[in-house]
Every structure is written in structure tokens, then in C-alpha cells.
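What the coordinates show
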Amino acid sequence: MASESEEILIEDSDDSLLDIKELNDLEFDIPHVAAPSLESVLWDMESEEGSDSASLQSFQSMTTKFRSMLCHRILQGVSTQLTSAGERVGAGLPTVITNSLKYVAIGTSHGYVLNFDSEQNLCWCCYDPNFSDQGAVSALAFNLDSTRLLIGYERGFISMVDTATGDVIRKMPDAHAPQTAVLHLRFTFLNNLALCGDSSGCVFSLSFNRRLGVRSWDSKCLFSGARGEVCVFEPLVQGHDIHFLSRHILVAMATLSKVIVISIRPRLKVLFSQPLPRVSTSLPLISWQLVSVGRTFQPVLAWGRSSELNYTRVVLHATNNNRVRLLPLRTVQLNYTLTAMHWLGTRHLALLDINENLRLVEVRTQTELEILELGNAGLVYSSAHFKALAVGGGVSEAFALAGERACYNSLSSRGDQLLVLGTKAVHLIKLRTWPERLLYLSEQGRWAEALNLAAEEGMNREIFTSTLLKKYLENLNQNTVDKDSLTAAVNCCVKLNKTDILCNELLEAVSSDQSNQDWYYTLLTDHINNGLLRTTSPAVAQTLVSYLEKKDSQALENVLLSLDITCLDLHQALSICKKRKLYDAWIHITTKTIGDYASPLTEFLCELTSDNHRLGNTILVYVSSCLAGLGYPSGQIPEKDVPRAKHEVLRCLETAHSIKGTEDEQSYPYMRALLKFSIREFLNVVGLAFTEVEFSGEMGLLQRQRLVQILMQIVRPPEFSAGQIINLACFITRLVTSNNLNIDEGMLDVVVRSLTDVMDQPLSLRDHGEREQAWLDLLNAGKLRHLSSDDLLKLALDSRCYRVAEYLYEAHNDYSNVLTCYLRDPVRKSDVFNYILNYISDKERCVEQQFLVNFKDLVAADSKKTSEIVVEHFPELVVQLSRIVEGTPDLHHSFLKGIVSSDMKLPPELAEAYLELLCIKDRKEVCGYVQVSSCRVEEALKITRKYEVHPATALLLEQGGEWMEALELLLQHDMVDDGVSLCIRGAEHLDSDGAQKLWLMLLQHHKSTKTMSLRQLLHAAAPHVPPAQLLNLVSDASFGDVKLLLQGMLIDYVHDVQVFSTTLRLLSKDLHHELAKSLCLHGRGVSVSCVSCRLCHKPLSKDIGNEQSIAVWGCGHCFHVACLKMTETETACPQCRMTASQIPTRKIFGKKHASEAKTHARPDLEGHF
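Residues numbered from 1 in each chain as written. Predicted model: local features only at pLDDT ≥ 70, side-chain atom pairs only at ≥ 80, totals over all residues. Heavy atoms only, no water.

Condition: UniProt positions are given in the numbering used here, feature names are shortened, and annotations may be inferred rather than shown by experiment.
As recorded in an unreviewed UniProt entry, the protein chain goes by the name RING-type domain-containing protein, listed as coming from Zophobas morio. UniProt annotates the protein chain under Sequence similarities (unreviewed entry) with the comment "Belongs to the VPS8 family."

As C-alpha cells, this is what we get:
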């Protein structure tokens, strides 16, 4: 194989048998191996998965789980020869595999290395009896041009083999740390430089030289395991031909704690370091690949551990082109745990999890494309090598634990192929190319997937997609049609523009089954409506139109609008459109085919009524589009046809009589029909048309005038309502005031009369507002100068156009009636308060006088806002304003309520008036108002008694101190609940005798138990009445009535006893604790540093002033008591105070004579007992 693009294409064939001549029969004692049968060879060549006899059924079971991206084969030739070598020469089980552009090498547990070419022929078998004590092969590595193979053994020996002959050309017994197993061997892109990793976690560089025909080697430690055990390393080999990497040798290494990228040449340097997730049972993984980034290729390192995956790329330094740096790209969290990771091509990663599921992941989107189960492959693990069992197991516990599932050397990838080493077979997993995927899916009968794949990527591969569609059509003729595959076939034909297949062969294949044919038409309809299919054959279009006519008229109209006109049967389409009233489709077909833009108006306007909104809106939009030069319902009118379209539509609207008109037909029937349907919308269409270039200039102005004259001739009573006449007048006014229309005085008078005449019919608020605005526009433009101001004002008031009246008042500086205009206008009545607040300080407008004059109307409009204005600006006029609304109780009540809610204190007269209004209109609010009002008590009592508001009367009596009378009133009217509340309040304000009298009166009253049970009364009265009197009152009561009372008394008694006993216990405990603490403190001995007094410096044994006592502090300082009496304080050590030390507070008194011990014993306990 000459290039990487031809990477190990290994097919099973009869040439893959073991070549016996390559081995020495006498040395290995290998018997003759029979050639495989023809059936087995055919199986190997045709089956998607080959297998040995032991696991054929298990691998066949994987087929149903495959999709189409991955191709899984067993290298039957390699597997057979590997098994044969193990059985016949004792080669042992396979332990490690590697591959290059030309060869596949496999090492075994007994030290054998078998090398195969790309045709699965055994090239040579390397085994030296002298190396038999080196144990299993643990690592293999080809150089870049496949001329040398490095072999590492589990007991530390390394050898180099010439791949052409299989001869050992170098032996390296001590190339790395002693008593360690060789775990990894890798060549750099230089043939004379390789790397070695051992079980101690060290990494060594191996340099190879040849001088004077003598081959030599040299070993150098690059990374010591003492700094972190390297689990895996990978040199960057593929990027050596990139300019900025040609001088750099990069190596990625992963320890148990971090991933490191170093540069070996031109000088040893660390370029990148990143911590790894700390998962003790998982090994780190690294893998290089050249990935296309824009127009260049950049090396990308994929690295991770456990469930974390990271991507890092190599780039040039921004300022120094000789330096490289690594930039992180992405971090991905997976939902499974990784054990192996290899690139398949430049866009995909193959990830193996702990359950031996191989997952194909797209790198850019991180989409999991396919899962392949390898659980039955018998994957080879090299955990024994990681534990270094062959050399005594001298590895760390962490290294051994992490290597439990080590399989670095059991998988080998190159390009888009991955070799997996199993215990009984070698598996090849390859990314299928796009044509291979199509072929595989079609052979599996998965037509939906195959056709969808062809639709996605088949635009530039005509041959493959055509072949696939032909195969599918052949399959349809032999088998039944399923909806999924039919959907995919239609989608593929539409996307790849295979209209002939779609409309002929495919339709013929589904025509035998009505349900499939219906589904076919449904799919066509969806693609046509989505704009993906524009043309079909006329026959298909005709049958599709007939089918949709019966099923869905709306879908039919969408299809007719979307399909190319040339596909349709025009007579069929137009007939159905007229029959089904598909106006949009009829207009579209007519205008596109014959270019007749007037026929939609002449054809349908005779059917237009005020209730046919669909037709009316369609015609209005069509007219607007044509006058604007736009196509209907979408697109553009051909530029050469735009003037003709506008002319035909306008001429049709201005036609005096229709083609089929009768003698009694009114003039301008087409325009009249549109005006009757919606005069406002039609005038909007005309207004938009007036902005076009055809209506500009002198001729355009004449055209406008003609159209306006026609409109004025048509829109007249009684055929048109007052609102419609107003709409036309407002439209003409806008044109006149914007100088877009010149009319004579006669026409202007007609417009003004339309605006100013008193209407017999009521106008809507919108029409009335437009009428006022049009009138104001005429006034501002000076078009009504021929009318006097008085006439205009009279007309405005008669027409109830109060905005116009306000404008006229403002123009003449007559502000006395402006407020009235606001109040009479139902739309702007609420704005009157803003007007008052804005101009309340303007004396010229006399807002205060107008406020007083219109006060009753203002209260009726909004009493709350009126009250707020009075409180803020006219508080002194409250009495005067109240008299204005006195005659209207509702307004009076609303006004005073607003004043009270603003917390303004009313005069007593007004407060009493409001109280009376409350008693009439809102009795529930009386009690709350009485509590805060400024009413005189006597007058308030008269009012409440007059209207029999008894709770309010009781509150007033309570405020006057008449508690007994208030309670009697409440009880008299059976308001026991209010009476209980009164008694509770009385207990708070009265003395105990007064409260007791209240409760006794309540309990003794014969009506007290009508609305409340005796039990509830006793419970409420218990805190205020002595128990003895309560028992006397209820001597005739049953035990059930007094049960709760007695229980409450007993519970209170028990609670009080518990509180007293707990308090005494806590007090005694605190006293005992303090006594014990004091005894402990004063019972300790004190070390005295000096036996002389620190003040007088005389011996402590000498008497001072007949005083024989001494004082000793906890700090060890001693003093005569007589000396202490002369200091400022006796509570702190004087010596410590002078040296600014911490002053001890403990003082011990001692006596020189025991006879005087009682005098000063335990002075700190005095006063405690």
C-alpha cells in the first residue's frame, strides 16, 4: 500500500490462508492445515461479519444492532493463522496489536510476533529462543515508513526487527528502568527516534545510529516516574509535513493526575499542562489527529478520563512563528466511562466504554451516531503488564488499580480503520464511505434510511442515487410498499430533482394500492406547499387536483398557488376554483396565464355582499396590489405589465356600467360594490394608490380629481349611512389639507356640510373622532375662512364636536366654557382633571370659577379625583362645595367619602352630615367612621339613634364612659358578640371592680346565652371575674357548662406550680454552681516567687502596724494587708497594674497564726447566703 488513503483494506479471501512455507516445519512442528471450503470463503467475502466457529452465532446477533456508519469484519486469515500458531507452535494467546501503512503485527503471550501484510498473508514470525525468558510481548511499534518494528517484553527487554526480513537487528536489554515491564513503544516521525514507557511510569527516548556499519542505540530519560507515573504517551506523527511543525517533535503524556504536552526538539520544553479528573479506577486516554480548520489542517489532541472528554488544538504563537502553543477547544461530559479512544478519520471518534460498547461520535457536534457491541469479541486486556507481575509487581497501588482495564495495545487505528484484538480473532471496524452505506442499507432492505441518506448527500453523486432509486423501484414491484420508504423515496426525488422518476415510475409502482396512492398524493402536497416541488408532469398535476378537490379545498388552493402554471390543466383548474370559490387561485392563474387584470373584478364583484368578507378582503388586497405594481397573492407583476395592470384595474373601477348590466343598474357598479362592502378599507387602498407615480404630476392630479368626483357621486344618502359619508369627507379632507387634491369651492362646501351637518343617525366613537379631526385639519389649513367664527361655533356645539368648540374658544381667548367642553365630551370627560391641574394657577383661564360652576358635573364624572383636587388646592372651600351637592345625596356622599379617605379633618357639621349619609347608604361603615370622626358626641348619638345603628350608638356611649349603658343597649338588641367585645375592652380601661360589674351584667342578662353558649361566656369571663362569683352565677348550670371553666382553673394552677418549682430549681442550681466554682478556685495552691512584700520590700514574716495578715494574688505576688490599705485599690494586684500586665482578680488571704484564721476566711462568699 503506497499511501495513507489506501489504509489496510483487508478483505477475507482464500489468499489469507496460513503460508506454511514461511515457517520452519521442523522447528515449530506445525502440521498441514486444510484449505477452507468454498462455503466458508463465500461467507467471509459476502458476510458483513466473519467469525470463527466458536463465536459465529454471537457475532451474527450484532447485525440487527448495527446502523450503517460502521463496517465490522473479522480478519479471518489473520485470526486463523493466529489460532493455528497458538495451537501448533505454542505461540500463546495474543497480547498486543499494531499496524502501519503496510503491515499488521501481533504479539503473543509466549514472545512470538507475527507480521501480516495487507492481504492477510503471514510475512514472517519472529521468535528467538534466547528471549523466551522475557515473557509475553507487551508493546509493538512501527516506524513511519514501515521498515522497522520495535518489540517490547513484559520483563523489560526491547528489540528492533527489520520488517522486510523479520531479523532482529538491535537488542536493548537495559534501555529503561530495571525490573520494569515495557508498556508503550512509539516511533516519532523520525526513524531514528522512538519513545519507551515502562511500568515505573518513566518515559525514555531511544536514539538509533549506524556508524561504520555498526548499529548502535542510546537511551535517555525524558520523564521520571517519581514526578508522576506516566500511564500513556503519544507522539504527534501525522503533522510532520506541516511547515510550522517540521522542526518540532511534540509528545502528549498522561499521568494519573494530569495531561502534559512537551516538545522534545528543538529543545525539551513543556507546552501544555492540564489536570485530569481524579478517578482511581480509570486510565487517562490521549489521541492525536489532523483536523481541517478552515483551509488549513491543525493537530488536535483528544484527551480525557472516566466520563470527561476534552479537545485541544496546536497553533502558532501570535507573535513568534517559531513557537507553538495549545489552545483548549471544548470539554464534554459523557454519560458513560471510557476505556479506549481512537480517531476514525478527521471527523469521528471511536469511544469504547467499560461495557465494551464502541460508540461512534461526530466531533464537531458531539452527536452519537452509532453503537457497536464488542462484548462477545473477547477484548484482550493488559492489566497484568500494568501490575508488572512478571517482574515482581513493583508498581504503586494507584497504578495497579487504574490498570485493571488497560487496553492501550489491544486497539490500533489508522485512517478510518480500527483493529480490535480479541482472544480468538482480530476484528476490523471501518467507517463506510457514502456509496458503501447506500449499498449496505439497500441490501439490508432498509430503504427509508438509504433514501434519506441519498437525499442528504446525493446532489453531486448522480450515478449512485439513480442506481439506488432503480433498485428501490424494482423492490416495489416485488414487495409491498411501506409508508416510511415511500416518504423517503418521494423526499429523495424532490431534493435531487428526479421529477421523471417521481411522476412516472414511482406513481406507477404505488397506483395498485389506493392507500399508498393517497399517501403519495399527501406527500406531493406537503412538498409543493413547502416550496420544494415546483413542477410535476401534467398528468400527475391533473390527478392531484382531482384528488384534492374531494379531500381539502384549502390544500388544493395552496397547491395551485405553488405549482408552476405550465403543469396545470387550465380549464380544470379554473372550473374547480370557481366552483369551490378559490378566489386567490383563480386570480393567480388568470393573471399569470392570460395577463387579464380586470377579469377578477368583473367576475366576482357582482357576487360581493357585506357578509362575504373572504371575497371582499381578497378583492381589496388584489386591487391594492395591482395599483402598487405587486403580484397577487405574492411575487411581482412583470415590469413591462405594471402600467397595463394599473390602467386596467383603475379603468374597471371607473366603469360606469358593467358588461352584463341591466337598465336599472346604478352607475359605477364595481366601485359601488367595494364602497358598500367597506368604505374605509377601500379609501385606504385608494390613498395608497395615490402615492404611486401614476398619480403624480399634472395628469395624476386630474386623475385624482376625477376619482374623487366619482366617489362623491356614489356616496350619498340614503344609500350610504352617515358614518360612511363622514368617512369619505374625512378622506377628502386629508387630501385637501395635505395639498394632494385641488377642489373647487362647491365641492369643498359639500365636504364641509358633510362634516358639520347634524346627523340623524348616531355615529360611532371612531367616526365621530375622525370627523372632529377632519374639521380641525380644515381649520388649521384655513379652508373654512368663508364661515364666521360664531357660525362655526354654533355648528360645532350642535354637532357635539366639542374638540372643535374648544379650539374655537381657545382661538378667541374665551376660556370660560372650555371646562364645559371637556365635561360634555364623553370621550374626553376624564381629561378634564388634567386640564384643571395644568391650568389651575393660570388666572386668565379662571379655573377656580369654572370649577365651582361645574362642580356637580365634576363630582358625577369622578368623585375621587374631584375630592383630591379640593383637598390639595381648595381645602377652604369644602363647606361651600358641600352645599352645592347637598341636594343630591349620592353626589354629596361620594364627595364627602373622597374627602374623608384623604385623611382631611372635616368640620363637625360636615362630619355629622357625612355620618347621617353613611347611616342611610352604608351602615357597615358607620362604626369605623365613628371611631375616627370629629363629630360631636351628642349630635352623633342623635343621628345613630335616629337611624337605629345600635353598634355605632354603643361605641359613642363607650367613648363617653357610659359602659353599662352601652352594654345594656347591645344586650337589648341581642348583640351578645359585640357585648363580649365591649366587656373585653372595658377590662383594659376600667378598674377591676368596673370590669367585674360589666361581666356580671353580661352573665346575669337573660338574653346573654341566646347567641352564645354559657360555656363560651364563662371562658371569656374567667380572666376578669373571680371564680367564686362565676360559680355562684352558674349554680343552676349543668356540669358540662362549667366543665371547661374548672379545667382551665386547674390547668392554670398546675402551670403556676410548675413555673414556681422550675424557677426555684434553677436558682438553687445556679447558687450551687457558683459556690463550687469559688471553692475550687480558692482551694488551689499558689506558687510564691518571693517571700517579701512587693510594696515595702520587707519580709512577710514581719508585722506591719500590728497587722499579721498577708495577701497573695494568683500571679504569685505577695503583700502585707496593711500595705495594701495604703494603695488605691485592694481588688487588683498593684504590681501587675504598674507593669501593665494582665491584672489577676483572684486574691488569697493567709494568716501567720492559726488562731486568727476565721477573721478573713473566704471573703468572696460573703453576701451569697
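**Observations concerning the overall build of the protein chain**
Selection rule: Helix numbering and strand numbering both begin at the N terminus, where a helix is a DSSP run of H or I of at least 4 residues and a strand a DSSP run of E of at least 2. Two residues qualify as a contact provided that any one of their heavy atoms is within 4.5 Å of a heavy atom in the partner residue.
Counting its secondary structure elements, the protein chain contains 46 helices and 31 strands. Look at the contacts in the protein chain between residues 6 or more apart in sequence, and 55% of them connect residues 24 or more apart.

**Regarding the packing of aromatic side chains**
Applicable threshold: Working definition: a ring pair exists when centres of Phe, Tyr or Trp rings (six-membered ring for Trp) sit within 6.5 Å. Plane angles under 30 degrees give stacked, over 60 give edge-to-face, the rest tilted. Burial status follows relative accessibility: with a 1.4 Å probe on protein chains alone, a residue under 20% of its type maximum counts as buried, one over 50% as exposed, and anything between as partly exposed. Here, a charge over a ring means that NZ of Lys or CZ of Arg falls within 6 Å of the ring centre while also lying within 35 degrees of the ring normal.
A complete count under the given rule lists 22 aromatic pairs for this structure. Centre to centre, the rings of Phe-855 and Phe-895 are 5.1 Å apart; their planes meet at 90°, and the pair counts as edge-to-face. Here Phe-855, found in helix H31 (residues 855-861), pairs with Phe-895, found in helix H34 (residues 889-901); they are 40 residues apart in sequence, far enough to count as distant. Classification of Phe-855 by relative accessible area gives buried; the value is 0%. Connected via pairs of aromatic rings, a cluster forms that spans Phe-851, Phe-855, Phe-874 and Phe-895. Over the aromatic face of Tyr-440 sits the side chain of Arg-432, whose NZ or CZ is 3.8 Å from the ring centroid. Arg-845 extends its terminal NZ or CZ atom over the ring of Tyr-839, reaching a point 4.0 Å from the ring centre.

**What about the pairing of strand S16 (residues 258-265)?**
Put simply, the rule reads: Think of it this way: DSSP has to see at least two bridges between two strands before they count as a pair.
Burial analysis of S16 places six of its eight residues in the buried class, the great majority of the element. Summarising the sheet, strand S15 (residues 249-255) and S16 pair through six bridges and their orientation is antiparallel. Bridging across to S16, Ala-252 finds its partner in Val-261. Hairpin geometry of S15 and S16 is characterised by an intervening segment of two residues between the two adjacent antiparallel strands.

**Considering the packing of helix H35 (residues 908-921) against helix H37 (residues 937-946)**
Packed helix pairs are specified by the crossing angle of their axes together with the interaxial distance, meaning the distance between the axes. For the record, the criterion: Every angle, taken between N-to-C directions, lies between 0 and 180 degrees, and every axis is a line fitted to C-alpha atoms, over only the stretch in contact when it is a helix. With respect to orientation, any angle under 35 degrees is reported as roughly parallel, any angle over 145 as roughly antiparallel, any angle of 65 to 115 as roughly perpendicular, and every other angle as oblique. Note on convention: the crossing is left-handed when the near helix lies turned anticlockwise from the far helix by less than a right angle, right-handed when the turn is clockwise. Residues were grouped as follows: Ala, Val, Leu, Ile, Met, Phe, Trp, Tyr, Cys and Pro as nonpolar; Asp, Glu, Lys and Arg as charged; and all remaining residues, including Gly, as polar.
At their nearest, the axes of H35 and H37 sit 10 Å apart, and the two run at 15° to each other. If you check the angle between H35 and H37, you find them roughly parallel. Relative to H37, the crossing made by H35 is right-handed. For the pair H35 and H37, the contacting residues are Glu-912, Leu-915, Glu-916 and Cys-919 in the first and Glu-939, Ala-940, Ile-943 and Lys-946 in the second. Within the contact of H35 with H37, the residues separate by chemical class into four nonpolar, no polar and four charged.

**As for unusual backbone geometry**
A cis amide bond, omega 10°, links Arg-265 with the succeeding residue Pro-266. In this structure, Pro-266 sits in the loop between S16 and strand S17 (269-275). Here the amide bond leading from Pro-717 into Pro-718 is cis, since omega sits at 0°, within 30 degrees of zero. Looking at the secondary structure, you find Pro-718 in the loop between helix H22 (697-714) and helix H23 (722-737). Here the phi dihedral of Glu-356 falls at roughly 60°; this positive angle occurs in a residue that is not glycine.

**Notes on H23**
Test applied: What a helix should span is 1.5 Å times the count of its residues minus one.
If you check H23, its first and last C-alpha atoms are 22 Å apart, about what 16 residues at 1.5 Å a residue would give, namely 22 Å. Most of H23 is tucked away: 14 of the 16 residues are buried. Looking one or two places after H23, you find Asn-739, whose phi comes out positive at around 60°.

**Some points on the pairing of strand S14 (residues 230-235)**
In terms of burial, S14 is largely enclosed, as five of its six residues are buried. In terms of strand pairing, S14 meets S15 through five bridges, oriented antiparallel. By the bridge assignment for S15, Val-232 is matched with Ala-254.

**Observations regarding the sheet that holds strand S18 (residues 284-293)**
Ordered by their spatial adjacency, four strands build an open sheet running S18-S19-S20-S21, and the pairing between neighbours is antiparallel. The two strands at the open ends of the sheet, each matched to only one other strand, are S18 and strand S21 (324-333). Looking at each pair of strands side by side, their axes are set apart by 25° on average, direction ignored. Sheet topology note: the strand S19 (residues 296-305)/strand S20 (residues 308-316) ladder contains six bridges and is antiparallel. The residue of S20 that forms the bridge with Ala-302 is Tyr-311.

**Section: the packing of helix H38 (residues 950-959) against helix H39 (residues 963-972)**
Between H38 and H39, whose axes approach to 8 Å, the crossing angle comes to 170°. Classed by the angle they form, the pair H38 and H39 counts as roughly antiparallel. Considering the relative orientation of H38 and H39, their crossing is left-handed. From H38, His-950, Pro-951, Thr-953, Ala-954, Leu-957 and Glu-958 reach across to H39, where they touch Trp-963, Glu-965, Ala-966, Leu-969 and Leu-970. Residues that form the contact of H38 with H39 fall into these classes: seven nonpolar, two polar and two charged.

**Points about the pattern of salt bridges**
Cut-off, in case you're wondering: Each reported salt bridge corresponds to a side-chain nitrogen of Lys or Arg within 4 Å of a carboxyl oxygen of Asp or Glu.
A complete count under the given rule lists 36 salt bridges for this structure. When the shortest N-O distance is used, the salt bridge between Glu-368 and Arg-359 registers 3.2 Å. On the basis of relative accessibility, which here comes to 12%, the residue Arg-359 falls in the buried class. Among the ionic pairs, Arg-766 bridges to Glu-770, the shortest N-O distance being 3.6 Å. Highlighted residues: Arg-766 and Glu-770, both in helix H25 (residues 765-781), separated by four residues, approximately one helical turn. Residue Arg-766 is classed as exposed on the basis of its relative accessible area, which comes to 53%. The exposure class of Glu-770 is partly exposed, given its relative accessible area of 22%.

**Comments concerning the nonpolar core**
What counts here: Here the nonpolar core consists of buried residues drawn from Ala, Val, Leu, Ile, Met, Phe, Trp, Tyr and Cys, with membership extended through side-chain atoms lying within 4.5 Å.
Judged by nonpolar contacts, the single largest core of 198 residues is most densely connected at Leu-506 and Tyr-520. For this core, the leading source of residues is H23, giving nine residues. Ignoring any residue separated from it by four or fewer positions in sequence, one finds Tyr-520 in contact with Leu-486, Val-490, Leu-502, Cys-503, Leu-506, Leu-507, Val-510 and Val-540. Core analysis: the next-biggest nonpolar cluster, separate from the first, contains 46 residues, Leu-283, Val-314, Tyr-336 and Ala-400 among them.

**Quick notes on the sheet that holds strand S22 (residues 338-344)**
In space, the four strands of this open sheet follow the order S22-S23-S24-S25, with antiparallel pairing throughout. Looking at the sheet topology across the chains shown, the edges are occupied by S22 and strand S25 (367-373). Pairs of neighbouring strands in the sheet enclose a mean axial angle of 20°, with direction left out of account.

**A short note on helix H8 (residues 447-457)**
If you check which residues of H8 are buried, you get Trp-447, Ala-448, Ala-450, Leu-451, Leu-453, Ala-454 and Ala-455. In the core, the buried residues of H8 are packed alongside helix H7 (434-443), helix H9 (462-478) and helix H10 (483-495).

**Remarks on the environment of Leu-506**
One can find Leu-506 in helix H11 (residues 499-510). A relative accessible area of 1% means that Leu-506 is categorised as buried. Separated by 33 residues in sequence, Leu-506 and Leu-473 have C-alpha atoms that sit 6.9 Å apart. Beyond its immediate stretch of four places on either side in the chain, Leu-506 contacts Tyr-472, Leu-473, Leu-476, Leu-486, Ala-489, Val-490, Ile-501 and Tyr-520.

**Comments concerning the side chain of Arg-186**
As a reminder of what qualifies: The definition of a polar contact used here is a pair of N or O atoms within 3.5 Å, where within protein one atom must be able to donate a hydrogen and the other to accept one, and adjacent residues in sequence count solely through side-chain atom pairs.
Mapped onto the fold, Arg-186 is located in strand S10 (residues 182-187). Looking at Arg-186, its side chain comes within polar contact range of the side chain of Glu-234, at 3.4 Å. The residues touching Arg-186, leaving out its near neighbours within four places in the chain, are Leu-140, Ala-141, Ala-194, Leu-195, Phe-233, Glu-234, Pro-235 and Asn-409.

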